[in-house]
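Next come the chains, spelled out residue by residue.
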Amino acid sequence: MLSQVYSTEFAAVQPSQQQPAEPRRGSAGGSSARLHPAHSQSPIAASRHGVPILALPEPQDIPNRQGLIASIPESVLDVCRRDLARPGSRYGRAMAALGARIPCAPRGRRSHGAYLVDTKQPADIDTHDEFFRIRRVDAAPGEAFLLGLFKSLLILERDLAETPTALSDERLAVLAGALQETLAAALGSQAAAPLGLARREEPAPTDHAGKRWIRGHQIFAALSQGMIFALNAMEQADLGGDAARMGEAAGLTATLLSASAVSLELTGDFPEAYYREVVRVGMESPFLPRGFSGLLSGDHRHLVGQMKRLRPTIYRLRERQPEKHARIYEALGAVYASHHHVCARFVGVEQSSLLMAPTAGRSAVEQIDRFKAMRLRSWAPAETEDRR
């Protein structure tokens, strides 16, 4: 059972006490595409292995709230609600109850090929998950979804306790609050107790920047799954003609987008030299397949496709609840602005990304701006479309 993975201790292992080798694809405990043996010699390998694995369901398996409530016993849901509302809770009871329901069964499939980025490169979604220590599980997707959100809160807590950040308490509260709000929405809970985030002020060891890079991508994956859940709820409410629930789901989507912008900033909150000399080198050949990138996230790819599919719902939201629609539009713009800022600081305004290096027709920041224009087109306010 995965309850053993989610112990209340939640202590990151030291490089000298590394966790056992991750299982090969199809072994008990979920998926894990093996990295090339050369990766063990990469400059970021020790930092990466110092971060515990985050188990998540496949994005297409995330249930809606009705399916989640129907598939999990009320006694387990009640434990989760009480842990979420308990001040000072580290969610040990909830994580143990959920983990006990996820069998260590073999995973029977690879990630969905439709989510691949066509760059003629060998890196894929499974490589992304393996590098960022994300393990996919087939069984009990509702439990795995909730468990991933709870654990992401502890990942955030651990990161801030270990590594200083320039982000304000208010910005960090947006990030933690979005994860908690998603849990509350999924569980039908009224409130979540604020998460006490102790911050490290003194300088941290150099390798902590590498841990932040890995943890930040794990948190972003959980936020993406939260947005998939929220957009599913928005679509269901639209189809059912429930304006109130549609507004609630749209509000949660905007909150998660705002948190994603903070997550990107936190993930890149370490010295530029460390990125150039350790992170980027560690994500290049021969340590990883060519074309490796954080954009290979299966959750992100599913989310992008979902937004395209939901354009009719998005347009109806704009017509019926323009303030909620505008809030999502602004929050989505903030996500790309944060990504642009981090990329410009690390990569510069002229260098291409690892993913797009062979096409090299535009720089990394130009590619981000292109993605931004494409994504915002669906969420543009009515007056913007009228001017086209």
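Read on for a plain summary of the structure. (Residues numbered from 1 in each chain as written. Predicted model: local features only at pLDDT ≥ 70, side-chain atom pairs only at ≥ 80, totals over all residues. Heavy atoms only, no water.)

A few words now on the packing of aromatic side chains. According to the stated counting rule, one finds 10 aromatic pairs in the structure shown. Among the aromatic side chains, those forming a connected cluster through ring pairs are Trp213, Phe270, Tyr274, Tyr275 and Phe346. (Phe/Tyr/Trp six-rings, centres within 6.5 Å; stacked < 30°, edge-to-face > 60°.)

The subject of this paragraph is unusual backbone geometry. Between Ser285 and Pro286 the backbone carries a cis peptide bond, its omega angle lying at 15°. Positive phi, normally seen in glycine, also occurs at Tyr91, with a value near 65°. On the secondary structure map, Tyr91 appears in the loop between α3 (74-85) and α4 (92-99). For Ala140, which is not glycine, the phi torsion reads 50° and is therefore positive. By the secondary structure assignment, Ala140 is in the loop between β2 (134-137) and α6 (141-162). (Helix = DSSP H or I, 4+ residues; strand = E, 2+ residues; numbered from the N terminus.)

As a further point, take the pattern of salt bridges. The tally for this structure, following the rule as stated, stands at 23 salt bridges. Asp159 is paired through a salt bridge with Arg212; the nearest N and O atoms lie 2.8 Å apart. Here Asp159 is found in helix α6, whereas its partner Arg212 is found in helix α8 (residues 208-239), with 53 residues between them in sequence. The same class applies to Asp159 and to Arg212, which are both buried. By sharing partners, the salt bridges in this structure join Arg158, Asp159, Glu162, Arg212, Arg215 and Asp269 into a single network. (Salt bridge = Lys/Arg side-chain N within 4 Å of Asp/Glu carboxyl O. Buried < 20%, exposed > 50% of the residue type's maximum accessible area, 1.4 Å probe, protein only.)

Its location among the elements puts Ser260 in helix α9 (residues 243-267). There is a polar contact of 2.9 Å between the side chain of Ser260 and the backbone oxygen of Leu256. If sequence neighbours within four positions are ignored, Ser260 has contacts with Phe220, Leu223, Met227 and Val335. (Polar contact = N/O pair within 3.5 Å; in protein donor to acceptor, adjacent residues only side chain to side chain. Contact = heavy atoms within 4.5 Å.)

Moving on, we get to the nonpolar core. The biggest cluster of nonpolar side chains holds 100 residues, and the ones touching the most others in it are Phe131, Leu146, Phe150 and Trp213. Broken down by element, the residue count for this core peaks at 15 residues, all from α8. Once you skip the residues sitting within four places of it in the chain, Trp213 turns out to touch Ile44, Phe131, Phe132, Thr267, Phe270, Tyr275, Val279, Met283 and Phe346. (Core = buried A, V, L, I, M, F, W, Y, C linked by side-chain atoms within 4.5 Å.)

Here we take up the packing of α9 against helix α13 (residues 322-347). Orientation of α9 relative to α13, taken along the N-to-C sense of each, is 15°, at an axis distance of 8 Å. The angle between the axes of α9 and α13 places the two elements in the roughly parallel class. In the crossing of α9 with α13, the sense of the turn from one axis to the other is left-handed. Grouping the constituent residues of the contact of α9 with α13 by class yields 11 nonpolar, 8 polar and 4 charged. (Axes fitted to C-alpha atoms, helices over the stretch in contact; angles between N-to-C directions. Parallel < 35°, antiparallel > 145°, perpendicular 65-115°, else oblique. Left-handed = near helix turned anticlockwise from the far one by under 90°. Nonpolar A, V, L, I, M, F, W, Y, C, P; charged D, E, K, R; others polar.)

With that settled, the discussion passes to the environment of Thr127. Residue position: Thr127 is located in helix α5 (residues 125-131). Separated by 165 residues in the primary sequence, Thr127 and Phe292 have C-alpha atoms spaced 7.7 Å apart. Once you skip the residues sitting within four places of it in the chain, Thr127 turns out to touch Leu35, Leu288, Pro289 and Phe292. Here the side chain of Thr127 touches Asp124 through a polar contact of 2.8 Å, side chain to side chain.

Let us now look at the pairing of strand β1 (residues 54-57). Burial along β1 is two-sided: the face carrying Leu54 and Leu56 and the face carrying Ala55 and Pro57 are both buried. One ladder, built from 4 bridges, connects β1 with β2; its direction is parallel. Bridge pairing in β2 places Ala55 opposite Arg135. (Pairing = 2+ DSSP bridges.)

Keep in mind these numbers describe shape, not what the thing actually does.
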